[in-house]
Structure formats: structure tokens, C-alpha cells
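Listed here are the chains, written in short residue letters.
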Amino acid sequence: MRIAVIDTGLGGLDILNKMIKKYPNNEYIYLCDNYNCPYGVKYKEEVNELVIKILDFLESLNINLLVVACNTISTFIDNLRQNYSYPIYTILDYNAKIINERYKYKKISIIATSLTIRSEAYFYKTNDIDIQFVNGSYLTKLIEDGNEEKIENEIKTLIKQCDKDSDAILLGCTHYALYKNVFMKKCCSKLFIEGSKELIYDLPLDKFNNKKDINIILTKDDDDYLLKINKFINSKYNIHKIKL
């Protein structure tokens, strides 16, 4: 199968790695819009236009399935999925599913980008739960920049902003999942949740396909960015560049 994973930057590599590990023999396309990243601080209209361009491009590649690894992009999918021939799975839907089904949360803190927060998607998709939002847009930028010391300090700051009476903290941006161990180290008393494992288990993929091929598509030439990708991906890949 030809499977696409999209993210605004590095964050979706965590999900891509998990997919490759569970379903190794598939053709994977990882589209990373590093030219326009980050999306989470942009206007809704601008991001909607970018998302449509990405989905149209993937339609031209005849993909069989799309995984949206970005929470911010996920907030646009419900209004667009009917326009495309391939099924679309979003990380936001599976984060909401965990909140609704797995535990009896009374209150959670969600660390997310400003656009994800403004969309109110988590309010619409979750049931009878008190949600506190914490704006993590700056952390997303720091992860893209790769400054480890600043990343750790910002994670510590964000955890302090989470209400003490929250039952759990949802990592509402896949960039943060790359540093889940740091979150857990900085705050051992909280349960950190993100829905990538549930999403991957739900995918209708075959472990026994014959073809294995991994292609990463960037929207900006950047040798330093390739070094950052190599830090987070565990497989050999081919690199391509497009202009949206």
C-alpha cells in the first residue's frame, strides 16, 4: 500500500517510525511542509489553503491512505475529507477517543498550538470534561530549531502552567511526542497521553506486503533540516522537494 503521513515539520516522524515498525513492508510518503512551518501561529484561512494544496498533491500520487500526524492540520480535515478518494485518519480524532473512552477524566490539560486551541476542536470532540488549554506554540518552534537546552526549559515552563488538579496532560502536538520522555522526567506525578499508538493499531494495513520504500518530501531545501530528520527517523529514506 502507498501510505502518506503529513506534518508541518518534524513532529510526525514519531508516528512514521511507529508505523514502519508495525507495518514495515509498505510504501511510505512523509510530506513535511518545512517551508511554511509552523502552522500553529498562522491565520485559519492561510492554513486551510495550504492543507488543500497538500491533499490535492497527495491525490495526484494515488495514495491509498493518509495519516494526518499534525493536530493543527487535523482541525481542518472534517470539512475537507469528502473531497478526496483516500481515507484520512487524524491524530486529533484518536487523542479525543482516548479522552472519551479510556479513562474517567474529570479534567485534563492540553498543551497545543494556538491555532489548535482557537479551533475548539477538542471541545467539540470530547464529552463532559473540563479542559484547560496551555499554548505550546513556542515549544513547537524550539523543536524545529533544535535547541535542546531551550526545549527542556520550555517543557518545564509549560508543565508549571498546567493546573495541578488536572488528571492528565495531553500532548496536543506531535512535536511534543518526540520529547515525551523529557515531559515525564520533568513531571513524574502526571499521566501524559497521546493517541498515536491507538491510531496505528486501527489502520487497515498489512504486515506482509512485499514492497518497502520510504520517501520524505520537503517543501524547502535545507541541509541542516536533513540532519534534524536523521536524529528522529530510524530507517533509510529517499528525499524529494516540491513547491506547494
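Because the structure is predicted, anything quoted here is derived from the model rather than measured. (Residues numbered from 1 in each chain as written. Predicted model: local features only at pLDDT ≥ 70, side-chain atom pairs only at ≥ 80, totals over all residues. Heavy atoms only, no water.)

(A) Inspection of the sheet that holds strand β3 (residues 65-68) at higher detail. The strand order across the open sheet formed by 6 strands is β4-β3-β1-β2-β9-β10, and the pairing between neighbours is parallel. Lying at the two open borders of the sheet, with one neighbouring strand each, are β4 (88-90) and β10 (238-241). Recorded for the sheet is a direction-independent mean angle of 20 degrees between the axes of neighbouring strands. For β3 and β4, the ladder comprises 3 bridges, and the chain directions are parallel. What sits directly across from L66, in β4, is I88. (Pairing = 2+ DSSP bridges. Helix = DSSP H or I, 4+ residues; strand = E, 2+ residues; numbered from the N terminus. Axes fitted to C-alpha atoms, helices over the stretch in contact; angles between N-to-C directions.)

(B) A look at empty space enclosed by the protein. For the structure on display, the rule yields 2 cavities of 30 Å³ or more. What lines the largest cavity is T8, P38, Y39, G40, C70, T72, T113, T140, C173 and H175. Of the residues contributing to the lining of the largest cavity, the split by class is 4 nonpolar, 6 polar and no charged. As a volume, the second largest cavity reaches approximately 30 Å³. Lining the second largest cavity are N71, I91, N95, L171, C173, T174, A177, E194 and G195. Listed by contribution, the elements that provide at least two residues to the lining of the second largest cavity are α4 (91-101) and α9 (174-177). In terms of residue class, the lining of the second largest cavity is built from 4 nonpolar, 4 polar and 1 charged. (1 Å grid on protein atoms, 1.4 Å probe; cavity = no way out; pocket = protein on both sides within 12 Å on 5 of 7 lines; lining within 4 Å. Points joined across faces, edges and corners; volume = space filled by probe spheres on them. Nonpolar A, V, L, I, M, F, W, Y, C, P; charged D, E, K, R; others polar.)

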